[in-house]
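Descriptive analysis of the structure
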Amino acid sequence: MNYVEILRDQVLAMWTGFIAILPNLAIALIVLFLTWLIAKVAVRIVNKATNKSNMREDLRQLVETLVRLAVWIAGIILALIVAIPGFTPAGLIAGLGIGALAIGFAFQDIFENFLAGVLIMLREKMRIGDLIEVEGVLGKVEKITLRETYVRQLSNELTIMPNSMLFKNAVKILTDDTVRRNEVVVGVSYDTDLEVAQKAIEEAMQTVDAVVKDRPVIVYAQEFGGSSIDFLVQWYAQSAARDLRHTKSEAIKAIKKSLDAAGIDIPFPIQTNYFAEPLRIEQVSADKTAD
């Protein structure tokens, strides 16, 4: 057998076949280019339509992504039909077979995050701009995609979290309501008249402008501490993180000023000397040794 001649014939046949399908490849490239244009126009149309509605930003992004994805899937299938003679979508599905199962296992996390992203965008809670806390991450939601969620922490670091993490774990939405309760513990000395102390704290909280006036300010004598009787002070302020910190600072300063004006001391906590007993025992042992 002349292997060189057989190899040459095979190469020539492949080259001839490639030349024959060049027009189809050119048309397929044109189809892909048109798909890109159609997807761009479709997304722009959807964007204009959704902007006129009251649709949430994350849900608007979901609609745009699904429209873009649908146009590209249709365009790619059409390009394959043009480029490959005899190709059909049914043949593609039938040809996948076990390969589709293997691909499913290989990209399990991607599919899981994709589905979680869709469900997160569809639900009403946790919108873009909300302040959330999940798995030790506290920050503002900047962007939600079908794969991941971008959370800007209060210290300005950006954390990219898989959507499955936000879907499977408990998410605390701190800005779900416009106001949020905050609190601080205030200790007064044991010889203090508690009624006078409570009144002084209540008057101090009335001077803090950032406290929401239509919500109650609660001042309770909470417990007997090691060196003080502790009051629990609770109030409502705007739920943004900056507002909460600012209001708490103003509340602490106002309470301190009011207690000072009333002559009420905020005692220092009792410090325990944990080394006193071991030192005493060592000294006694040394004395016995000397005897």
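As a reminder, the structure under discussion sits directly above these lines.
Right, let's walk through the structure included here. Everything numeric here is computed off the predicted structure, so don't read it as measured data. (Residues numbered from 1 in each chain as written. Predicted model: local features only at pLDDT ≥ 70, side-chain atom pairs only at ≥ 80, totals over all residues. Heavy atoms only, no water.)

1. With respect to the pattern of salt bridges
Under the definition given, this model contains 5 salt bridges. Residue glutamate 112 is joined to lysine 168 by a salt bridge in which the shortest nitrogen-to-oxygen separation is 2.5 Å. Here glutamate 112 is found in helix α5 (residues 108-122), whereas its partner lysine 168 is found in helix α6 (residues 163-168), with 56 residues between them in sequence. Close ionic contact of lysine 172 with glutamate 133 constitutes a salt bridge, the shortest N to O distance being 4.0 Å. Placement of the pair is lysine 172 in strand β5 (residues 172-173) and glutamate 133 in strand β1 (residues 131-134), with a sequence separation of 39 residues. Looking at lysine 172, the relative accessible area reads 48%, which means it is partly exposed. Residue classification places glutamate 133 among the partly exposed residues on the basis of a relative accessible area of 31%. (Salt bridge = Lys/Arg side-chain N within 4 Å of Asp/Glu carboxyl O. Helix = DSSP H or I, 4+ residues; strand = E, 2+ residues; numbered from the N terminus. Buried < 20%, exposed > 50% of the residue type's maximum accessible area, 1.4 Å probe, protein only.)

2. A few points about the environment of arginine 181
When you line up the elements, arginine 181 lands in strand β6 (residues 179-188). Note on arginine 181: relative accessible area 44%, which makes it partly exposed. For the pair arginine 181 and valine 211, spaced 30 residues apart in sequence, the C-alpha separation works out to 9.8 Å. Setting aside residues up to four positions removed in sequence, arginine 181 forms contacts with Gln234, Trp235 and Tyr236. (Contact = heavy atoms within 4.5 Å.)

3. Some details on the sheet that holds strand β7 (residues 218-224)
Read across the sheet, 3 strands follow the order β6-β8-β7 without closing on themselves; strand pairing throughout is antiparallel. With partners counted over all chains shown, the strands left at the sheet margins are β6 and β7, one partner each. Taking the axes of each pair of neighbouring strands and ignoring which way they run, one obtains an average angle of 25 degrees across the sheet. Sheet strands in contact with helix α7 (residues 194-206) are β6, β7 and β8 (229-238), and its direction is about 20 degrees off that of β8. (Pairing = 2+ DSSP bridges. Axes fitted to C-alpha atoms, helices over the stretch in contact; angles between N-to-C directions.)

4. Structural notes on the sheet that holds strand β2 (residues 137-144)
The 5 strands lie next to each other as β4-β3-β2-β1-β5, forming an open sheet whose pairing is antiparallel. Lying at the two open borders of the sheet, with one neighbouring strand each, are β4 (158-162) and β5. Note that β1 and β5 share 2 bridges and pair antiparallel. Within β5, the position partnered with glutamate 133 by the bridge is lysine 172.

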